[in-house]
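# Descriptive structure summary
Listed here are the chains, written in short residue letters.
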Amino acid sequence: MGLIDLANPSRFLTFTDRALPWLAGVTAIMFGIGIYFGSLAPDDYQQGATVKIMFLHVPSAWLAMFGWTVMSISALGTLVWRHPLADVAAKAAAPIGAAFTLLCLISGSLWGRPMWGTYWVWDARLTSVFVLFLMYLGVIALWRTIEEPTRAGRVVAILTLVGAINIPIIKYSVEFWNTLHQPASVMRLDGPTIHSSILIPLLIMALAFTLLFITLHLAAMRNEILRRRVRTMQLMQAQAAPGH
Amino acid sequence: MKALLALFLRDLRIAVRVGGGAMIGVLFFLAVVALMPFAIGPDLALLQRIGPAILWIGALLASLLALDRLLSADLEDGSLDLLLMSGTPLELAVATKALAHWITTGVPLVIATPVFALFLNLDLTATAAVALTLLAGTPALTFIGLIGAGLTVTLRRGGILLSVLVLPLAIPLLIFGVAASNAAIVGPLPFGTPFTILCALTLVSLVLGPFAAALALRQGQD
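In what follows, the accompanying structure is described.

## Comments concerning the overall build of chain B
Counting secondary structure elements, chain B contains 8 helices and 0 strands. Walking chain B from its N terminus toward its C terminus, one meets helices and strands in the order α-α-α-α-α-α-α-α. By the compact-globule yardstick of 17 Å for 222 residues, chain B fits well, its C-alpha radius of gyration being 18 Å. Expressed along its principal axes, the backbone C-alpha trace of chain B runs to roughly 55 × 35 × 30 Å.

Here's what the structure looks like:
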């Protein structure tokens, strides 16, 4: 079955029916492995045990940006290729992305308190992620305001693409503005600067979180398709009702 | 070209007559600036230091307030449908509308700035710097706002949503506008660096805004 077959919502539903239990299982196993290795990881000589917040914080930050990227690609799918599932994917990704952004902000703030002595600073990285959170909320609000799903999809797609400008700004904010947040240490041209005892559990956790995102996203897309079917049926029922 | 000129003049005329409310933006700007000393206290040294920020926030809020009318009045009287159906490229038409909107709402804010700067005890250099950054930045506020207006025009009570959508996009303008003004007053950066970035943001918005807004208007149709 190719990717093009999945464009059919019914085929997509059958596919997710089969794939979701497996995905959920693999996600749970990966989390188990990640948490096990994460608990084995040594404490940092400067940060002590708090360094382990990283295993939650870094993957959420990555998924916060990943979520908007998924939405941007879906937006292209809606506007350029008119893919029937693209706006479903975009709508399903928004709350998940917003949740991971919030998780990233909260875990970062809990980590910042012992390390930097403050819950919040108006640092470039923190501020740009906060703006990303605001934009997620704006997109969700726009989805909810327009009733007709396909029209909402096209309008939201434009906002998503305009907002996509923020993603590279977040990624490179620690390089543009040299403020409190530390620079990137995993994704670097000259290789990661973290010791493998922490890097390996971090990568496993990142994989586990990404799988979690995919699982939640597929499940949310499934719900959205079903919700739209219910909506269509209700509309048809209302039209067929006597007196019209 | 003739059609665009007619549209431009029409929008200017509507704005200065009753119901356009171009001057209400300035009044709102004045109110925001006047409220700040009540909240912060009448410390003139402090007001002088944060004056550029107050003026920028005031101008930002005032232009947000006016954005609601950028396209919705045309939707109400049906002229938006005519624009959509006419042979004139929609991108150019909305760019013209945004330009007229900026002249009637943005430019008065810039002109009012030196007067309001007096309330905040700003000296001549600071006043000139803030006015110059606002002159460079307010077109971007209008053209970014144009995107939001295009997205929300068909919605009932889209005005608040419009502000929520546009504000995050306006944050870079605020940062570099205030940074440039402060650089002119206290340094340490030269004024030119943040000011050039501000101008670059404005130029990007001039290109991006009309295309995104026209796309939104076309997609927003049933």
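## Thoughts on the interface of chain A and chain B
Contacts between the two partners involve 20 residues from chain A, matched on the other side by 20 residues from chain B. For the pair chain A and chain B, the summed buried area comes to about 1,700 Å², and 78% of that belongs to carbon and sulfur atoms. When the buried area of chain A at its contact with chain B is split by residue, Arg151(A), Ile158(A) and Val162(A) rank highest and sum to 32% of it. For the interface between chain A and chain B, the tally reads 0 salt bridges. Taken together, the connections running from chain A to chain B amount to 2 residue pairs in polar contact (both at pLDDT 80 or more). At the level of secondary structure, the elements contributing two or more residues to the side of chain A that touches chain B comprise α4 (124-145) and α5 (149-163) of chain A. Top contributing element to the side of chain A that touches chain B by residue count: α4(A), with 8 residues. Classifying every residue of the side of chain A that touches chain B by side-chain character gives 14 nonpolar, 3 polar and 3 charged.

## Describing α4(A)
The end-to-end C-alpha distance of α4(A), which contains 22 residues, comes to 31 Å, matching closely the 32 Å that a straight helix rising 1.5 Å per residue would cover. Across the 22 residues that make up α4(A), a large majority, 16, are buried.

## Quick look at helix α7 (residues 158-185) of chain B
Spanning 28 residues, α7(B) covers 39 Å between terminal C-alpha atoms, matching the ideal 40 Å at 1.5 Å per step. Of all the bends in α7(B), the largest measures some 40° and sits at Leu169(B), one to four residues before the proline Pro172(B).

## Overview of the packing of aromatic side chains
Residue and element names in this part refer to chain A. Counting across every chain of the model gives 10 aromatic pairs over all chains. Note on Phe100 and Phe209: the rings are 6.1 Å apart at their centroids and 70° apart in plane angle, and the pair reads as edge-to-face. One end of the pair, Phe100, is in helix α3 (residues 86-116); the other, Phe209, is in helix α7 (residues 196-240), and 109 residues separate them in sequence. Note on Phe209: relative accessible area 5%, which makes it buried. Members of the aromatic cluster, each reached through a chain of ring pairs, are Phe31, Trp62, Phe66, Phe100, Phe209 and Phe213.

## Thoughts on the side chain of Thr142(B)
All names here are of chain B. Looking at the secondary structure, you find Thr142 in helix α6 (residues 124-152). Accessibility expressed as a relative area gives 3% for Thr142, which makes it buried. With residues up to four places along the chain from it excluded, the contact list for Thr142 reads Leu67, Leu70, Ala98, His101 and Trp102.

## So, the nonpolar core
By size, the foremost hydrophobic cluster in this structure holds 123 residues, and its most contacted members are Trp68(A), Val139(A), Leu142(A), Phe29(B), Leu55(B) and Leu151(B). Here Leu55(B) is in contact with Phe29(B), Val33(B), Thr113(B), Phe116(B), Ala117(B), Leu120(B), Leu122(B) and Val130(B), once residues within four sequence places are set aside.

## Description of the packing of helix α2 (residues 54-81) of chain A against α5(A)
Residue and element names in this part refer to chain A. Viewed as axis vectors pointing N to C, α2 and α5 meet at an angle of 130°, and their least axial separation amounts to 8 Å. Taken together, the axes of α2 and α5 lie oblique to each other. Once α2 is placed against α5, the crossing between them reads as left-handed. Note on element contacts: α5 touches α2 through Gly153, Arg154, Ala157, Ile158, Leu159, Thr160, Leu161 and Gly163, opposite Trp68, Met71, Ser72, Ala75, Leu76, Thr78 and Leu79. Taken together, the residues of the contact of α2 with α5 break down into 9 nonpolar, 5 polar and 1 charged.

What counts, and where the lines are drawn
- Residues numbered from 1 in each chain as written.
- Chains lettered and ligands numbered in written order.
- Predicted model: local features only at pLDDT ≥ 70, side-chain atom pairs only at ≥ 80, totals over all residues.
- Heavy atoms only, no water.
- Helix = DSSP H or I, 4+ residues; strand = E, 2+ residues; numbered from the N terminus.
- Rg over C-alpha atoms; globule rule 2.2 N^0.38 Å.
- Contact = heavy atoms within 4.5 Å.
- Buried area = accessible area lost by both parts, 1.4 Å probe.
- Salt bridge = Lys/Arg side-chain N within 4 Å of Asp/Glu carboxyl O.
- Polar contact = N/O pair within 3.5 Å; in protein donor to acceptor, adjacent residues only side chain to side chain.
- Nonpolar A, V, L, I, M, F, W, Y, C, P; charged D, E, K, R; others polar.
- Expected span 1.5 Å × (residues − 1).
- Buried < 20%, exposed > 50% of the residue type's maximum accessible area, 1.4 Å probe, protein only.
- Bend = angle between axes of the 7 residues up to and from the residue.
- Phe/Tyr/Trp six-rings, centres within 6.5 Å; stacked < 30°, edge-to-face > 60°.
- Core = buried A, V, L, I, M, F, W, Y, C linked by side-chain atoms within 4.5 Å.
- Axes fitted to C-alpha atoms, helices over the stretch in contact; angles between N-to-C directions.
- Parallel < 35°, antiparallel > 145°, perpendicular 65-115°, else oblique.
- Left-handed = near helix turned anticlockwise from the far one by under 90°.

Remember that the coordinates give geometry; whether it matters functionally is a separate question.
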